[in-house]
Amino acid sequence: MKFKVVEKFISINGEGKLSGQLAIFIRFAGCNLDCSYCDTRWANEKDVEYEWMTADQIYEYIKVNGVRNVTLTGGEPLLQKGIMELLTVLSLDPELVIEIETNGSIELGPFTKIEKNRPRFTMDYKLGSSQMESKMLTSNFKYLGALDTVKFVVGNIDDLKRAKHIIDQYQLVDKTSVYISPVFGEIEMVQIVEFMKENKMNGVTLQVQLHKIIWDPEKKGV
Ligand SMILES: C[S@@+](CC[C@H](N)C(=O)[O-])C[C@H]1O[C@@H](n2cnc3c(N)ncnc32)[C@H](O)[C@@H]1O
Ligand SMILES: Nc1nc2[nH]cc(C(=O)O)c2c(=O)[nH]1
Ligand code: SF4
Ligand SMILES: [Mg+2]
């Protein structure tokens, strides 16, 4: 099986629980959603340039570079045909910590059945300002545990209110890690903090995309 890779690079992870740590990124082509704020829309274009890579070639690239944290992203990585083969190959190496960024519209059940060293999922729950909330599968929450994350990317106060509602309704803080991140440049961090204070959002982590502070926010490959 071959996978459509639009870019691969080493950087610090700018998002999530491993933020600040070195990571190797594999970005796949194509997405089934079209979020209003998507910062990698280029990867979803029909005519995007990509390289076909097998699972073994991707594994080799990771090992040659000696980076243990692996982030599979896109686009929507779980749309790649046969992706289970790649996840199986990577999970077999106990030295690797595999993270998958996924958009909340893909059924996660089959992927969480990997028994040893299974990938950690960061499932975005897309809120109103993304225009994609109707595609969210809340049925995925039952598969997520201590190693996984539910992430809410918020663009305004209504998004924050909705995120709080979902967090409470599904008791997400008790089950998994919960992150809130601003749509870059759309909402002041201080507004998010004030909202968290007013609403006693214990156990929720605010994060900002670190790579967009270190480098030009438009820069690819970082
Ligand atoms: C480009 S997506 C790829 C993975 C998957 N399609 C998803 O949406 O989770 C990776 C992460 O970037 C976030 N993201 C995209 N555009 C953003 C923006 N303008 N500001 C903040 N986060 C953004 C997404 O919400 C997601 O958490
Ligand atoms: N440095 C860096 N960290 C990231 N973490 C998740 C990313 C993504 O696009 O999914 C990302 C990214 O694009 N760059
Ligand atoms: S799901 Fe992810 S890749 Fe797809 S449009 Fe939304 S942010 Fe972009
Ligand atoms: Mg990114």
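Residues numbered from 1 in each chain as written. Chains lettered and ligands numbered in written order. Predicted model: local features only at pLDDT ≥ 70, side-chain atom pairs only at ≥ 80, totals over all residues. Heavy atoms only, no water.

Participant: Quick one: what's the story with the packing of helix α3 (residues 157–169) against helix α5 (residues 189–198), residue by residue and with numbers?
Facilitator: Relative to each other, α3 and α5 sit at 35°, their axes nearing to 11 Å. Along this stretch, α3 crosses α5, giving a crossing that reads as right-handed. Between α3 and α5, the residues in contact are Ile157, Leu160, Lys161 and Lys164 and Gln191, Ile192 and Phe195, respectively. Taken together, the residues that form the contact of α3 with α5 break down as four nonpolar, one polar and two charged. (Axes fitted to C-alpha atoms, helices over the stretch in contact; angles between N-to-C directions. Helix = DSSP H or I, 4+ residues; strand = E, 2+ residues; numbered from the N terminus. Left-handed = near helix turned anticlockwise from the far one by under 90°. Contact = heavy atoms within 4.5 Å. Nonpolar A, V, L, I, M, F, W, Y, C, P; charged D, E, K, R; others polar.)

Participant: Would you mind going over the site of ligand 2 in detail, with residue names and values included?
Facilitator: Taken together, Ser11, Ile12, Asn13, Gly14, Glu15, Phe25, Arg27, Thr73, Glu101, His211 and Val222 form the complete shell of residues around ligand 2. A distance of 2.8 Å separates a nitrogen atom of ligand 2 from a polar atom in the backbone of Ile12. Between an oxygen atom of ligand 2 and a side-chain N or O atom of Arg27, the distance comes to 2.9 Å. About the coverage of ligand 2: the protein hides 93% of its 330 Å² of free accessible area. Counting residues per element, the ones that place at least two in the shell around ligand 2 are β1 (2–12) and β2 (22–28). Taken together, the residues of the shell around ligand 2 sort by class into three nonpolar, five polar and three charged. (Near = heavy atom within 4 Å. Polar contact = N/O pair within 3.5 Å; in protein donor to acceptor, adjacent residues only side chain to side chain. Areas by Shrake-Rupley, 256 points an atom, 1.4 Å probe, with all protein chains shown as cover.)

Participant: Which residues make up the pairing of strand β8 (residues 177–182), and what values go with them?
Facilitator: Taking burial as the measure, the six residues of β8 include six buried ones, the bulk of the element. On β8, burial covers both faces: Ser177, Tyr179 and Ser181 on one face and Val178, Ile180 and Pro182 on the other are all buried. Across three bridges, the pairing between β8 and strand β9 (residues 204–206) is parallel. Residue Tyr179 lies in a different strand from β9, and its bridge partner there is Thr205. In this region the chain leaves β8, passes through α5 and returns to the parallel neighbour β9; the handedness of that crossover is right-handed. (Buried < 20%, exposed > 50% of the residue type's maximum accessible area, 1.4 Å probe, protein only. Pairing = 2+ DSSP bridges. Right-handed = clockwise from strand over helix to strand, strands pointing away.)

Participant: Explain the pairing of strand β7 (residues 149–154) to me, using residue names and the numbers behind them.
Facilitator: Working note: regular strand, side chains alternate between the two faces of the sheet. Summarising burial for β7: six of the six residues are buried, a large majority. Of the two faces of β7, both are covered, the one formed by Thr149, Lys151 and Val153 as well as the one formed by Val150, Phe152 and Val154. Bridge count for strand β6 (residues 120–124) against β7 is three bridges, and the pairing is parallel. When the bridges of β7 are listed, Met123 appears paired with Val150. In this structure, β7 lies alongside β8, joined through six bridges in parallel fashion. Looking at the pairing, Val154 lines up with Pro182 of β8.

Participant: A description of the confidence of the model for the protein should follow, citing residues and the corresponding values.
Facilitator: Of the residues in the protein, 100% have a pLDDT of 70 or more, and the chain-wide mean is 98. Here the complex is predicted with pTM 0.98, and the ipTM for its interfaces comes to 0.99. (pLDDT = per-residue confidence, 0-100.)

Participant: Quick one: what's the story with the sheet that holds β8, residue by residue and with numbers?
Facilitator: Here nine strands make up an open sheet; going across it, the order is β3-β1-β2-β4-β5-β6-β7-β8-β9 and the pairing mixed. Each having just a single partner strand, β3 (51–54) and β9 make up the two edges of the open sheet. Taking each pair of neighbouring strands and ignoring which way they run, the sheet shows an average axis angle of 30°. Two elements, β2 and strand β4 (residues 69–73), share four bridges in a ladder whose sense is parallel. Across the sheet, the residue bridging to Phe25 is Thr71, located in β4. Strand contacts of helix α1 (residues 55–65): β1, β2, β3 and β4, with the helix running at about 85° to β3, the strand carrying the most contacts. Relative to the sheet, helix α2 (residues 83–91) contacts β1, β2, β4 and β5 (97–102), its axis offset from that of β4 by approximately 175°.

Participant: Residue-level account of the site of ligand 3, with values.
Facilitator: Around ligand 3, the neighbouring residues are Cys31, Leu33, Asp34, Cys35, Cys38, Asn44, Gly75, Asn103 and Lys126. Looking at side-chain class alone, the shell around ligand 3 contains four nonpolar, three polar and two charged residues.

Participant: An account of the UniProt feature "binding site: [4Fe-4S] cluster" (unreviewed entry) in the protein is requested, with residue identities and associated values reported.
Facilitator: With numbering matched to this structure, UniProt assigns "binding site: [4Fe-4S] cluster" (unreviewed entry) to Cys31, Cys35 and Cys38. As for its placement among the helices and strands, Cys31 is situated in the loop between β2 and β3. Sequence-distant contacts of Cys31, defined by excluding residues within four places in its chain, comprise Asn44, Gly75, Glu76, Leu79 and Asn103. Position of Cys38 relative to the elements: it lies in the loop between β2 and β3. (UniProt positions renumbered as here; feature names shortened; annotations may be inferred.)

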